[in-house]
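# Structure assessment
As a plain string of letters, each chain reads:
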Amino acid sequence: MTEKIRVRFAPSPTGFLHIGGARTALFNYLYARHNSGSFVLRIEDTDRSRSTDEYIEAIIEGMKWLGLDWDAGPFRQTDRFDIYRKYVDRLIQEGRAYYCYCSAEELEERRRLALATGKMPKYDGRCRNLKAPVPGEIPAVRFKMPQEGQTIVDDLIRGMVVFDNSQLDDFIIMRSDGTPTYNFTVVVDDVDMRITHIVRGDDHLNNTPKQIHIYKALGYEIPKFAHLPMILGSDKTRLSKRHGATSVMAYYEMGYLPDALVNYLVRLGWSYGDQEVFSREELIKHFSFEHVGKAAAVFNPEKLLWLNGQYIIHSSSEKLTELVMPFLVKEEIIKEDQFLDKAWLCKAIDTLKERSKTLVELAKSLRYYIAEEIEYNEKAKEKFLNAKSRDLLIELKDSLFSISDLSHQELEKVFKMIVEKHNVKLKDLAQPVRVAITGVTESPGIFEVLEIVGKEKTMRRLEKAIKVIG
RNA sequence: GGUCCCAUCGUCUAGAGGCCCAGGACAUAGCCCUCUCAAGGCUAAGACACGGGUUCGAAUCCCGUUGGGACUACCA
C-alpha cells in the first residue's frame with residue numbers, strides 16, 4: 001500500500017488568479033483526482049506588503065469558476081508564523097542556521113560590487129561563525145548551506161538535474177523583522193501538510209536544491225518534484241498584460257466557458273495523442289506527467305476562441321439560456337428583473353449557438369429576437385432596403401397577414417410562392433427580409449428567425465422597412 | 001556574468017532508432033454545401049534551429065554552436 005498522494009497549489013496573493021497560475025492549479029488538481037489523492041490550497045502571503053485579502057478572494061473566485069475544487073485549505077502562511085518560528089529555533093539550536101547581523105544596505109552594497117566586478121553575488125558567510133551578537137543590529141537568520149558536493153533534483157518532467165553546492169549560498173530563512181521567507185516556509189508547509197508531489201512552475205527549479213537541503217536539515221523525506229514549463233506571450237516572453245487578458249476572471253467577462261479554458265490550458269504542455277477536446281472525466285482519466293512537455297508554450301487566444309465555440313455548440317441550449325442571462329443584462333438587452341420566456345429563449349439560442357464563439361457574442365445576437373425595435377446597419381440598409389425589394393416586402397407582408405402561425409413550413413411556402421411569382425431568386429427576397437427583421441446581413445436561416453421573432457414583431461418590422469424605403 | 005532549463009509547421013502538439021520525403025489541431029487560402037453568416041466536409045500551403053559524431057539506419061541517442069527562458073533578494 002503506497003502512501004496517499006497529496007499535492008498543493010500555493011499562490012501568493014499579490015494579484016488575481018492568472019493564466020499561468022490557473023494551469024499550475026489545474027495540473028495539480030488533475031494529478032490529485034487521477035490518483036484519488038487530495039489537493040490542498042495554500043496562500044503564500046508572507047510578503048505582507050504585497051499581499052491583500054482582495055487578491056485571496058479573487059484567487060478563490062477564479063478557482064471556483066474553473067471548477068478546480070480543493071480538499072483542504074485555504075491555509076494562510078500568516079496564520080502559521082509560530083510554526084515557522086519553532087522550526088527556525090530548532091535549526092539554530094542544531095547549528096544548521098545562524099544569526100546574521102549584516103544590514104540590508106551592506107548586503108546590497110556588496111552585491112552591487114560583486115556584480116560590477118563580474119563575481120558571483122553570493123553571501124560571503126561572514127556571520128557564519130560569529131561567537132557573540134553584534135550590538136545595535138537586529139539579526140536575520142540564515143541557513144547553513146553545504147559548500148561542497150552536488151545536489152540532485154529528480155524531476156518527474158525534467159529527469160535528473162544536477163546542481164553544484166558551491167553555487168548555493170546561505171540564504172535568509174527569517175528576516176530581521178521576524179517574518180520567515182519563501183524558500184523556508186514552502187518546505188515547512190509542504191512537510192507539515194504531508195505533500196508528496198510538488199507540482200509548480202519551471203521558475204522554481206533553481207530554488208529546489210535550496211529547499212532540498214532544508215528538508216534534509218529538518219530530517220524529512222524529500223517529495224517528488226514536477227516542474228511545469230512556462231506559458232509565454234506571442235513574442236515568447238513571459239505572459240503579461242501586454243499580451244492581452246491574463247486574469248482568469250477576465251475570460252469570464254469575455255464570455256468564455258470555464259470548461260473551454262480548462263481544456264485549452266491543459267493542452268498547453270500536455271497532450272494525449274491527437275485528441276483536442278476532452279471532458280473533465282477524460283482529463284482526470286488520462287492525465288499523467290509522462291505526457292507533459294518540457295518546452296515553454298505560447299498562449300494562443302485564437303485557438304482558445306475556437307475551443308470556446310466548440311464548447312458552446314455542444315452545450316445544451318437550456319444551459320446556455322442560464323449562462324447568457326448576466327450577459328443580456330450587461331449588454332442592456334434586458335433589464336435586471338425582466339421576465340423572459342425561457343423555453344422561447346432556448347429556441348432562439350438553438351439557432352444561434354453554432355455562430356457564437358462567446359457568450360458575449362451570443363447575447364449580442366439575441367438582441368434582434370428580444371428587443372422591440374431594431375436598428376439598421378447603414379450599409380445593409382442601403383444595399384437591401386431599396387426600390388428593388390420594396391414590392392417583395394409588401395407582398396410578403398400582405399401574404400403573412402392571413403397566416404396566424406409563422407411556422408417554418410408555412411413561411412417556406414409563402415416565400416417560394418412570392419419568389420416564383422416575381423421570378424427572382426430566394427436570396428433576393430431573403431436578404432431584404434433579413435435586414436428588415438434583424439438590421440444586419442448575417443443571421444440564422446430566415447424562416448427560423450421569423451418563426452422565433454413571431455408574427456407581431458415581424459409585421460411591425462416589415463412595415464417599418466417599407467416605410468423607410470418610402 | 002554565473003548556474004540551471006528548453007529547442008518539430010506562424011501557434012499548440014504527435015513522435016520513446018526503421019511504421020516519418022514527419023501525423024493531428026488552431027490560424028491562412030481554395031472548393032463543396034447554401035437564403036446570408038456560421039457550422040460541417042474536402043483540398044492546399046506550412047516544421048524536425050545549425051554543425052559534428054554514434055549506428056546498416058536518427059526528428060528520436062551523444063557532443064558542440066546558436067537562439068530563447070528561468071534563477072541569481074531580508075519577493076514568492
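For the structure itself, consult the block above.
First, a word on what this report is: a plain description of the structure on this page. These numbers were taken from a predicted model, which means no experiment stands behind them.

## Focus: the protein's contact with RNA strand B
- Taken together, 63 residues sit near RNA strand B, with Asp47, Arg175, Glu354, Arg355 and Ser443 positioned nearest.
- Backbone atoms, meaning sugar and phosphate, form 70% of the atoms of RNA strand B found within 4 Å of the protein.
- Within the contact set of RNA strand B, a base nitrogen lies 3.1 Å away from a side-chain nitrogen or oxygen of Asn207.
- Residue Lys357 places a side-chain N or O atom 3.1 Å away from a phosphate oxygen belonging to RNA strand B.
- Of all the elements in the fold, those that place two or more residues in the surface near RNA strand B are helix H4 (104-116), strand S7 (159-164), strand S12 (297-298), helix H10 (301-314), helix H17 (426-438) and helix H18 (446-453).

## Let's talk about the sheet that holds strand S2 (residues 38-43)
- The strand order across the open sheet built from three strands is S1-S2-S3, with neighbouring strands paired in parallel fashion. Of all strands in the sheet, those bounded by a partner on one side alone are strand S1 (6-9) and strand S3 (72-76). Strand-to-strand twist across the sheet, computed as the mean angle between neighbouring axes with direction ignored, equals 25 degrees.
- Here S1 pairs with S2 via four bridges, running parallel. The residue bridging Arg8 from the neighbouring strand is Val40, located in S2.
- Here helix H2 (residues 53-66) sits on the sheet in contact with S1, S2 and S3, set at roughly 155 degrees to S2.

## Points about the side chain of Arg461
- Relative to the helices and strands, Arg461 resides in helix H19 (residues 455-469).
- Although buried, Arg461 forms no salt bridge, and the nearest oppositely charged side chain, Glu373, lies 6.5 Å from it.
- Side-chain polar atoms of Arg461 contact the backbone oxygen of Tyr368, separated by 2.8 Å.
- Not counting residues within four places of it along the chain, the set of residues in contact with Arg461 comprises Tyr368, Ala371, Glu372, Ile374, Tyr376, Ala436, Ile437 and Val453.

## Topic: the sheet that holds strand S8 (residues 172-174)
- Pairing within the open sheet is antiparallel, and its three strands lie in the order S4-S5-S8. Of all strands in the sheet, those bounded by a partner on one side alone are strand S4 (97-100) and S8. Between one strand axis and the next, the sheet turns by 45 degrees as a mean value, whatever way the strands run.
- Taken together, the two bridges between strand S5 (residues 140-143) and S8 define a ladder with antiparallel strand orientation. Looking at the pairing, Arg142 lines up with Ile172 of S8.

## Here we look at unusual backbone geometry
- Positive phi values are uncommon outside glycine, yet Ser36 reaches one of about 50 degrees.
- Structurally, Ser36 is set in the loop between helix H1 (19-34) and S2.
- Look at Ser36 and you get exposed, because its relative accessible area is 58%.
- Even without being a glycine, Lys236 presents a positive backbone phi close to 70 degrees.
- Structurally, the position occupied by Lys236 is in the loop between strand S11 (231-232) and helix H7 (248-253).

Each value, and the rule that gives it
Per chain, residues are indexed from 1 in the order of the written sequence. The lettering of chains begins at A and the numbering of ligands begins at 1, in the order of writing. Thresholds applied to this predicted model are a pLDDT of at least 70 for local features of residues and 80 or more for the giving and counting of side-chain atom pairs; totals over whole chains, interfaces and linings are not thresholded and use all residues. Here the side-chain values reflect all heavy atoms present in the structure, with hydrogen atoms and water set aside. Put simply, a residue is near a molecule or strand once any heavy atom of it comes within 4 Å of that molecule or strand. Contacts described as polar in this section are N or O atom pairs within 3.5 Å, which, within protein, must combine one atom able to donate a hydrogen with one able to accept it, while residues neighboring in sequence count only if both atoms come from side chains. Starting at the N terminus, helices and strands are each numbered in turn, a helix being any DSSP run of H or I of at least four residues and a strand any DSSP run of E of at least two. By definition, two strands form a pair when at least two bridges between them are found by DSSP. Each axis is a line fitted through C-alpha atoms, taken for helices only over the stretch in contact, and angles between the N-to-C directions span 0 to 180 degrees. By the convention used here, residues are in contact when the closest approach between their heavy atoms is within 4.5 Å. Each residue gets one of three labels from its accessible area relative to the maximum for its type: buried under 20%, exposed over 50%, partly exposed in between, using a 1.4 Å probe on protein chains only. The positive count covers Lys and Arg only, the negative count covers Asp and Glu only, and His and the chain ends enter neither. The salt bridge criterion pairs a side-chain nitrogen of Lys or Arg with a carboxyl oxygen of Asp or Glu, the two atoms within 4 Å.

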